[in-house]
Amino acid sequence: MTRVGARTRAGIASARAIVRRNRPLWIVAAVAVASLGAGLGLGRFVISPADASANGSPPSPGYVTVPVESGRLSNDVTLRADFGYADPVDVQVDTAGLPGAAIVTGRVPEVGARLETLSIALEVAGRPVIVLPGELPAYRALRFGVSGPDVAQFKTAMRAIGLDAGDPADPVFDERAASAVTALYAQAGYPAPAVAEEATTAVRAAQNAVGSAERAVAAARAADDTARAGASAVDKQEADNAVAAARRAVDTATTLGDDEATLANLRDALALAQAKRAQLDVAKDTSVTRADLDTAQTQLDQARDDLARARERALPFLPAGEVLFLSDLPRRVDSVDARRGAQLKGTAMVVSGATLSVSGSAPESDARLVTAGARAQVDLPDGTTLDATVAKVTPAAKSGDRWKILLTPASVTDQQLAELKGKNLRVRIPVASTDGDVLHVPLAALSAGPGGEERVEVVTGDPRDPAVPTRLVVVETGLAAAGAVEVRPVEGDLSVGDQVVVGR
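Thresholds, definitions, all that
- Residues numbered from 1 in each chain as written.
- Predicted model: local features only at pLDDT ≥ 70, side-chain atom pairs only at ≥ 80, totals over all residues.
- Heavy atoms only, no water.
- Helix = DSSP H or I, 4+ residues; strand = E, 2+ residues; numbered from the N terminus.
- Buried < 20%, exposed > 50% of the residue type's maximum accessible area, 1.4 Å probe, protein only.
- Contact = heavy atoms within 4.5 Å.
- Pairing = 2+ DSSP bridges.
- Phe/Tyr/Trp six-rings, centres within 6.5 Å; stacked < 30°, edge-to-face > 60°.
- Expected span 1.5 Å × (residues − 1).
- Arc of directions from axis to C-beta.
- Polar contact = N/O pair within 3.5 Å; in protein donor to acceptor, adjacent residues only side chain to side chain.
- Salt bridge = Lys/Arg side-chain N within 4 Å of Asp/Glu carboxyl O.
- Core = buried A, V, L, I, M, F, W, Y, C linked by side-chain atoms within 4.5 Å.
- Axes fitted to C-alpha atoms, helices over the stretch in contact; angles between N-to-C directions.
- Parallel < 35°, antiparallel > 145°, perpendicular 65-115°, else oblique.
- Left-handed = near helix turned anticlockwise from the far one by under 90°.

### A look at the overall build of the protein
Secondary structure summary: the protein contains 11 helices and 22 strands in total. Buried positions account for 32% of the 504 residues belonging to the protein. Considering only residue pairs separated by 6 or more positions, the protein has 66% of its internal contacts joining residues 24 or more positions apart.

### Some details on the sheet that holds strand E6 (residues 114-115)
Read from one edge of the open sheet, 4 strands run E4-E11-E10-E6, paired in antiparallel fashion. One side of each edge strand has no neighbouring strand; the edge strands of this open sheet are strand E4 (89-92) and E6. Summarising the sheet, E6 and strand E10 (residues 331-336) pair through 2 bridges and their orientation is antiparallel. Each bridged residue has a counterpart across the sheet, and for arginine 114 the counterpart in E10 is arginine 332.

### Details of the packing of aromatic side chains
This model, assessed by the stated rule, comprises 1 aromatic pair. Between phenylalanine 154 and phenylalanine 173, the ring centres sit 5.9 Å apart and the planes meet at 35°, which makes this aromatic pair tilted. Here phenylalanine 173 lies in the loop between helix H4 (149-160) and helix H5 (175-188) and phenylalanine 154 lies in helix H4, a separation of 19 residues in the sequence. The same class applies to phenylalanine 154 and to phenylalanine 173, which are both buried.

### Examining helix H8 (residues 260-279)
In this model, H8 (20 residues) spans 28 Å end to end at C-alpha, consistent with the 28 Å of a helix rising 1.5 Å per residue. All buried positions along H8 are accounted for by Leu263, Leu270, Ala273 and Arg277. The buried residues of H8 occupy an angular sector of 85° when projected down its axis, which confines them to one face. Residues of H8 that are exposed and point over 90 degrees away from its buried face: Glu260, Asn265, Asp268, Lys276 and Gln279. Packing partners of the buried residues in H8 comprise helix H7 (233-256). Between a side-chain oxygen at the N-terminus of H8 and the backbone nitrogen of alanine 261 the separation is 3.1 Å; the capping residue is aspartate 259.

### Thoughts on helix H9 (residues 287-313)
End to end, H9 covers 39 Å across 27 residues, agreeing with the expected 39 Å (1.5 Å per residue, within 8%). If you check which residues of H9 are buried, you get Thr289, Leu293, Ala296, Leu300, Ala303, Leu307 and Ala310. Against the buried residues of H9 lie helix H6 (197-229).

### Points about the pattern of salt bridges
Evaluated as defined, the whole model comprises 21 salt bridges. As a salt-bridge pair, arginine 428 and aspartate 379 come within 2.8 Å of each other at their nearest N and O atoms. Taken as a pair, arginine 428 in strand E16 (residues 424-433) and aspartate 379 in strand E13 (residues 375-379) lie far apart in primary sequence, 49 residues in all. Across the salt bridge formed by glutamate 486 and arginine 488, the nearest N and O atoms sit 2.6 Å from each other. What makes glutamate 486 buried here is its relative accessible area of 11%. Through salt bridges that share partners, Asp224, Arg228, Arg290 and Asp294 make up one connected network.

### Notes on the nonpolar core
Ranked by size, the top nonpolar core spans 24 residues in total, and within it Val378, Ile405, Leu407, Val427 and Ile429 carry the most contacts. Listing elements by their share of this core, those giving two or more residues are strand E3 (74-85), strand E12 (356-362), E13, strand E14 (385-394), strand E15 (403-409) and E16. The dominant element in this core, judged by the number of residues it contributes, is E3, at 5 residues. Excluding anything up to four places from it in sequence, valine 427 contacts Val77, Thr78, Leu79, Ala81, Val358, Ala376, Gln377, Val378 and Leu407. Judged by nonpolar contacts, the second largest core, of 23 residues, contains Ala157, Leu184, Ala188 and Val323.

### Description of the packing of H4 against H5
At a minimum axis separation of 11 Å, H4 and H5 run at an interaxial angle of 50°. On the basis of their axis angle, the class for H4 and H5 is oblique. Crossing angle aside, the handedness with which H4 passes H5 is left-handed. Contacts from Phe154, Lys155 and Met158 in H4 reach Ala177, Ala180, Val181 and Leu184 in H5.

In structure tokens form, the structure reads like this:
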């Protein structure tokens, strides 16, 4: 090995020593150089998002698809409804007709008691308050001759409990309706309301007046009959005898040759007897006796009219304070303010429907789709549902107002009742539904064929690929609900999961 080689080896060793002593400095320098080189080299390849968007080309168009699904379709009427006992009513008793203070004497119901037809809601001053079916509150006493919708309601209520008060179409309180009052109180176990003593006294006085008038008519008629009949046979015979006797006297005096004065007197007596006999054949003037009879008859007619009115005023009647008309019987007593022995003032009690109900309302257009007996579902706050049945659909009184819909819930636990009573819940009433599960697609998936047929376009590959093939399937449509429509393939195959085109 030459000396040059030795120097070289010495230089290398010296360099290694320098590197070892300054290693941190060399590392920092290397990193800096590397970073500078990387920045200069990569600057040509790193692009900002804005530059990429501006310089890029648009993506290739594809299909917007949704899968064909299977399930039950339902078209629902949705409404908000209150859960609880329906139609709370403040019960107030009309005590204005009582002769004294309105003291509650008994039959005070317990909270939770049921009021049915012919129940006694309360007893005031010893008299019952009878429960009857009806919507119009009692606002006056029903007496003979009054007329109105309250009378028609009473007759309808009597018919409902098997009593004949007359045709409800005739809104007049007549004798038949009055007789039904007596029968009503007999069923309730109480005597009918007592008729005022003045009315009974008036009937007796009218009866006496009729009797007197009848006797007066009889006497006047007898006098008129006598006048019209003329002279009796006895009177005529007596007159004939008188004429015959006067004639014999004249004949005898003439035969005996009595003087002229005597004959003249006898002839005058004969003429008088003949005149009296002729008078008996002349018809008498009966205008006076006839007038007397007419007057007596008029007085009798008036007396009879007075008697009829007096009897009408004495007929049984229904006091407003002894009847309580309630709709949708039976009813449940929610609270009681009346106290036995205390004077009744204001509200006696509050009653509501005796059975749980869900009551709500809907616009006429929706309510007309709902029928009694239809199934419904009530959405509960915990996310579960409760089955219910439509009990009644009541049209609005005025056009444009909402119709009332009353539903009866299925069995409810005591805990549910406590939690749900008074809550306002959402109710869904299916008004049309498919018979089980059906294939359905969004309405947007339908298109019309050249012959007007309905069809869907099915993508047979990746819908993001604009070149993917599609096929048309002619379908028959069924129920449409909530943006979906039932489809049945007519030409071509269609299955759950197939991707149908709804847009591009």
